[in-house]
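# Fold and geometry: a report
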Amino acid sequence: MIHLSPFLAYGLTTAYVTTTTAVDVKMNLNYLSFEQDIAKFEGQIAELKLASTDQDVDISDEINSLKQKLKKETESIYKNLTPWQVVQVARHPQRPYTSDYIKLMVDDWDELHGDRHFGDDAAIIGGIGRINGRSVMIIGEEKGRTVTEKVSRNFGMPRPEGYRKALRLMEMAERFQLPIITLIDTPGAYPGIDSEERGISEAIAQNLAVMSRLRTPIICTVIGEGSSGGALAIGVGDHLNMLQYSTYFVISPEGCANIIWKTVEKAPLAAEAMGVTSSKLEDLGIIDETIPEPLGGAHRDPAMMAEALKERLSKQLDELCAVDTEQLLAKRYERLMSYGNE
Amino acid sequence: MSWFDKIVPKVVRSEGRKNASSVPEGLWINCPKCSSVLYGPELDKNLKVCPKCDHYMRLTARLRLDTFLDEGSREEFTQEVEPIDRLKFKDIKKYKDRLSAAQKDTGEKDALVVMRGELKGMPVVAVAFEFKFMGGSMGYAVGERFTRAANRALEEGIPLVCFSATGGARMQEALISLMQMAKTSAVIERMKQKGLPYISVMTDPVYGGVSASLALLGDINAAEPGSRAGFAGPNIIEQTIRQKLPKGFQRAEFLLEHGAIDMIIERKDMRDTLARLLAKMTGRSPVERESAVPEQPAA
């Protein structure tokens, strides 16, 4: 499995620097290459709004008609996204991250730190909070929004201590009978010397093994980019969700393209061949549920997205917490064993 | 026969002749490390370790198991599990065609061979990766065969030994490959819960998704001398950190130093060492037995 440097991966979409959080910004100004028509309409609307404050003319009809056109255009673009375009939306720099979802849908939040052996890895956030009053353990990968934050969170690429913190917290959740919610969003486990020295493979493998038998419900949701073992390491559970425009792959499309075509420029073909979207993975029986996103992607309305996710998670928590633990474990195991069967 | 004919090997004399097919292929092998010219059958007897420089050449999965298990004890199973092209994956070639080519090339249906046998009289299930089959990559068939191997060990209450040699998860089966990591890890965890030994021996190389699942979950993790194992390949790490990697990085000796493995086992000691370990872990007693003699290349 191969992980490209995040610098390279992001460079392929567009270079963005932003200092606001997705929560603060409703209509962001970053457009992907296939969103040029959306950018055009949004630009026109903004101009008209500006003009209407200067003069005493009523142009609300004009604005409304443009808004209609914008909606139609966004719908038509997002209805037919290619797998590669979905990957770009999943990596959108304004896409809500784990920390945004925690702010928007979790009450009474307490973050917990450290693996008790080496350190604390900011690429994984863990802690206890409440969703609709129910205490839950939440563990999520976090890419970081600002440049400084991205660096401190290593662009969401966890090191062994991140996965070991996650494991410690999940085992704690089992002891206190807290259901576990994981939010997956990573370009991959960190491919570095220190990572290898401290046993990144073992850390991931251990999580896979233990999550298969933890005696508490586990719900996993890919909120952005689910890259390979680094994603799966917090992705074994009873119910697997993907947000509509999130992506999940065994190797990044760039990595796959690099191996087969010897150039990252063929990443769109690789994305197509691997089937990296929620709809494809639902067809394959890998994931259970796709959670619809607001029109034009989660980043266009993070609050609405968080509300929808919260609603689904609450329902899934109700259902899974009602299941007898032995039954829950048997079903989880059976499901794991079935992967790939026809 | 002249004196000249007696001292010069036939292979040299026949050089330049149009019909050289009388020389058996693979009879003389160049050591990739020290370039010594080695006599094939002798090299096989030495378990494909160069007698001149100690370089470890890769064993096929079959030769690995044949030289590991007791002669006459081997029973292959899980052959019914074959690869499935669920995605109809196609890049510059069809996955289906890559599979056929690999099958033809190796004589295996996929990259894992599974046997039930005995090690010095002690029953074990042993599996070995075939690196020549698409880089020993793990897709559905490898994951499923491994799982069935572990299930047999669970049913019979006997140990499982795995010899890995792999580039990782197979990208042509995409997420189905990724999920084999979760599947194999879950069945190993079940063995752990039941107190059945699982020994993982990493042989050159072990990377990616296999390293991050079944290869590092052994009660005992071991590696052959000099073998490379890690999560990310050296090229990827160099690209990411833009630094040269230290000498010996990700080699067995590095893994031992950093606590990832329990021991380095020389190939010639593999049977003895694992038998000794398993005897102590299971309370059984090993008996003197020989492994199958390595297959001789066709003369």
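Please refer to the structure placed before this passage.
Residues numbered from 1 in each chain as written. Chains lettered and ligands numbered in written order. Predicted model: local features only at pLDDT ≥ 70, side-chain atom pairs only at ≥ 80, totals over all residues. Heavy atoms only, no water.

### What to know about a nonpolar patch on the surface
Rules: Patch rule: a residue counts if its relative accessible area is over 30% and it has no salt bridge; like charges are joined within 9 Å, and nonpolar side chains (Val, Leu, Ile, Met, Phe, Trp, Tyr) within 5 Å. Accessibility throughout is a Shrake-Rupley quantity obtained with a 1.4 Å probe, and a residue counts as covered only by protein chains that appear here. The term salt bridge refers to a pairing of a side-chain nitrogen on Lys or Arg with a carboxyl oxygen on Asp or Glu at a separation within 4 Å. In this text, helices come from DSSP runs of H or I with a minimum length of four residues, and strands from runs of E with a minimum of two, each type numbered from the N-terminal end.
A surface patch of nonpolar side chains, about 300 Å² in accessible area, is lined by Trp28(B), Val37(B) and Tyr39(B). Note on placement: Trp28(B) falls in strand β1 (residues 28-30).

### Points about helix α5 (residues 98-105) of chain A
Applicable threshold: The classification of residues rests on relative accessible area computed with a 1.4 Å probe and restricted to protein chains. Under 20% of the type maximum is buried, over 50% is exposed, and intermediate values are partly exposed.
Most of α5(A) is tucked away: six of the eight residues are buried. Turning to α5(A), its buried residues are Thr98(A), Ser99(A), Asp100(A), Tyr101(A), Ile102(A) and Met105(A).

### A closer look at the pairing of strand β6 (residues 239-243) of chain A
Each regular strand shows side chains that alternate between the opposite faces of the sheet. Residues and elements named next belong to chain A. Our working rule: Any two strands with at least two DSSP bridges between them are considered paired.
Counting buried positions along β6 yields five of five residues, so the element is predominantly enclosed. Along β6, one buried face is formed by His 239, Asn 241 and Leu 243 and the opposite face, lined by Leu 240 and Met 242, is buried too. Where strand β5 (residues 218-227) and β6 come together, four bridges link them in parallel fashion. Bridging across to β6, Thr 221 finds its partner in Asn 241. As judged from the three bridges shared by β6 and strand β8 (residues 289-291), these two strands associate in the parallel manner. Following the sheet pairing, Leu 243 is matched in β8 by Ile 291.

### Digging into the interface of chain B and chain A
The following threshold applies: Two residues form a contact once any of their heavy atoms are found within 4.5 Å. Throughout, buried area stands for the accessible area (probe radius 1.4 Å) lost by two parts on being put together, summed over both.
Taken together, the 52 residues of chain B in the interface contact 49 residues of chain A. Counting each side, the surface lost to burial between chain B and chain A is near 4600 Å², with a carbon and sulfur contribution of 71%. Interface area lost by chain B to chain A is led by Arg86(B), Met171(B) and Phe231(B), which between them contribute 16%. Viewed at the interface, chain A and chain B are joined by one salt bridge.

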